[in-house]
Amino acid sequence: MLFGNARSTADKLKALGAAYGAALPGKLQELETAARALSGGGAFEELSGPLNEVRMLAHKIAGTAGTFGFQAITDQAREVEKSLLAAIKAEAPFTAEQAAGIERGIAALKALGSAAADTAAPARAAPEEAMPAESVVLLAPQGEATDALAGQIERCGYRVRRIGDAADTDTGPGGARVRAILVHADVPQGHKVCRRLREDFRRTFRANVPILFLSQSGDYRSRLQAVRAGASAFIAAPLDAATIVRSIEELSAATMFAPYRIVIVEDDDVLAGQCAEAFEGSGYAARIVKDPADLLDRLETFEAELIVMDLSLAVVNGVELAKLVWQHDHYRDIAILFLSPGPEFNARLLQVGIADEFFVTRPVDINALRAVAARYLADARFGRRGANRADLFPHLDRIAELKTTGDTPRRRSDARPPASTPPEGVPDDAPKVLVVDDDRHLVDAIAIKLSEHGLEPLKAFTGEQGFRVAWEESPDVIITDYDMPGGSGDYLLGRLKDAEETRDIPVMVLTAHTLDGQKDYALEREFIGRLGAVSYLAKPISLDALVAEIDRLRPVRSDGNR
Amino acid sequence: MTDTALCRVLHVDDESDIREVARLALEDVGGFTVESCASGAQALEKAPSFGPDVILLDVMMPGMSGPEVLDALRGRPETADIPVIFMTAKVQAQEVEALTKLGAIGVIEKPFDPMTMSGQVAEIWDRHVVR
């Protein structure tokens, strides 16, 4: 008799559940075999039989697994059934993509089925008195797969403390030493919880507990999440206990406990400080190298995984420095992230077929820098080691060449380059007016007029370029065309208003849009109301009127003069 | 025992796992007398002799489907009045509605919870009897 020794209904149910779990892989195999007839798709008439058969099998599993406690399998089988049902109702040719979708669904079911079978297998009896002295915290969604994984890890000699979601914070180590925090990618906000936990452990037990990031997929997004979680290891499916436990053991090596290590090569103190602060704030270890000559020495003592390299260093081209690093056998796997001089340089890179994703554009948006750095670290630690070098090394000479030919002025905080020296006849402290227009003749004409009027003209020919010059030079007034290739006036105004340094500079918009030569008040409202310009002039413009308008707009200086 | 007490349940499902767990749920938890059948044909054969108070009928079965079995039961004088409850892994809400319209006194969704299933059956039965 099946339940001869069972003590209660619950025990009987448990026994039935175990039997069902053990049989699941077989049932799922049957489903997979039936689904092979659908592979590659085909005419509906030919496939309606197999479609119905596979649907019936999926339907049975969906209706049954949950009764035995395997709700995740029910849910997944239901998804597969829904897809099949939709195809059956459509009576349209069954496409190869649809077939591939069904195959993926069944593969996911099989993975869940294996986990269920593992849970159902009788656990190796552990002597009750030998309570493991070491534990791991497991932050993973509720479900059979997690139950199975926890069971397997426990059988490897660790106590497992389960946390279902981010709201559950009752995580005391319970007397056992916490060896690792395991966080599953599917837990919403999991990266925040595990970082917080690690901080708690660090504060309370002075222990640096490594984070292992678990994911069903090894894709880029997951690896990036791992970096954001501050993980020391990344484990993609199949998530088996043996791999996880091996990883926990390996992490005992002191070096792996270290946070991500970043070297910032930057001679601008302010920017270097901002970058270092941002990285440290993310839990990374950051070191600043101000003098490029010190870089190799620094790398000898600080095992960097990522170098943030400014391309516009005062004494050496950053590209040459990168070459030096990557040519060194010990440092060839270090990822290098370049700070590009500006969007225009990126545009030149793209023109010669070099992806500009490797470059963070100045002025540096710290959040963007952090995000890109995380991508690099994901590659360096969990992805292809040396991927960044492989992608960029062959292009370094070309990049250096582009850098030299199109060298751009340095920032305000650096020595001002000759390019912005006022033209002859213009006093050193002359007010600066930036003119942005893709019509170079017009820009030149306006520049001459401005110089005659004792103003220092600055020129830019695209919106992007205009923003960079504005940010670097802080002009007193900006005059910009509205319709330009390479960043419209709309774009320029948006960026100017977003940046603290440029927000308050008055902007005058020039446009060829007019109503029979009259001012278009709708446009005026658009420029001044929505975009934050202070004035609007219709083309063709009178240069005298322009200068008069500039005089009106220029802020009054503290000495009372304009 | 009064006429309105639910006592004997005939359960029809082609899956042996489900038959086993449903028997456990109905006998151990619900205290009913249970007979299980693996197909519609078997159910049509057993129903007259077993004399169930209610028949629990799986909807999707190979051979005769649940609705076909219901139709056949209604066509025979000795089983025409036996109340039927469908059990289905419903995918869409309108399916449940359609099943009720066929003349079933209720629908139990699959997967069911073995610990509460007999309660569900009793509840549907009670509602039916009061009507």
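Below you will find a few notes about this structure.

About the thresholds
Residues numbered from 1 in each chain as written. Chains lettered and ligands numbered in written order. Predicted model: local features only at pLDDT ≥ 70, side-chain atom pairs only at ≥ 80, totals over all residues. Contact = placed C-beta atoms within 7 Å. Helix = DSSP H or I, 4+ residues; strand = E, 2+ residues; numbered from the N terminus. Nonpolar A, V, L, I, M, F, W, Y, C, P; charged D, E, K, R; others polar. Axes fitted to C-alpha atoms, helices over the stretch in contact; angles between N-to-C directions. Parallel < 35°, antiparallel > 145°, perpendicular 65-115°, else oblique. Left-handed = near helix turned anticlockwise from the far one by under 90°. Buried ≥ 20, exposed ≤ 12 C-beta atoms within 10 Å, placed from the backbone. Pairing = 2+ DSSP bridges. Right-handed = clockwise from strand over helix to strand, strands pointing away.

Between chain A and chain B, the residue contacts involve 20 residues of the former and 15 residues of the latter. For the side of chain A that touches chain B, the secondary-structure elements that each account for two or more residues are α1 (9–35), α2 (44–65) and α3 (71–90) of chain A. The biggest single contributor to the side of chain A that touches chain B is α2(A), with seven residues. In terms of residue class, the side of chain A that touches chain B is made up of eight nonpolar, seven polar and five charged.

Residue and element names in this part refer to chain A. One way to put it is that helix α10 (residues 269–281) packs onto helix α14 (residues 366–382) with a least axis distance of 10 Å and a crossing angle of 55 degrees. The pairing of α10 with α14 is recorded here as oblique in orientation. Where α10 crosses over α14, the handedness of that crossing is right-handed. Taking contact as the criterion, the partners of Q274, C275 and A278 in α10 are, on α14, I366, L369 and R370. When grouped by side-chain class, the residues that make up the contact of α10 with α14 number four nonpolar, one polar and one charged.

Attention now goes to the pairing of strand β6 (residues 261–265) of chain A. All names here are of chain A. Among the five residues that make up β6, four are buried, leaving the element largely enclosed by the rest of the structure. Pairing of β6 with strand β7 (residues 285–289), which is carried by five bridges, proceeds in the parallel orientation. Note on β7: the bridge partner recorded for V263 is R287. Following the chain from β6 across α10 to the adjacent parallel β7, one finds a crossover that is right-handed. Strand direction decides the pairing type here: β6 and strand β8 (residues 306–310), joined by four bridges, are parallel. Pairing of I262 across the sheet is with L306, part of β8.

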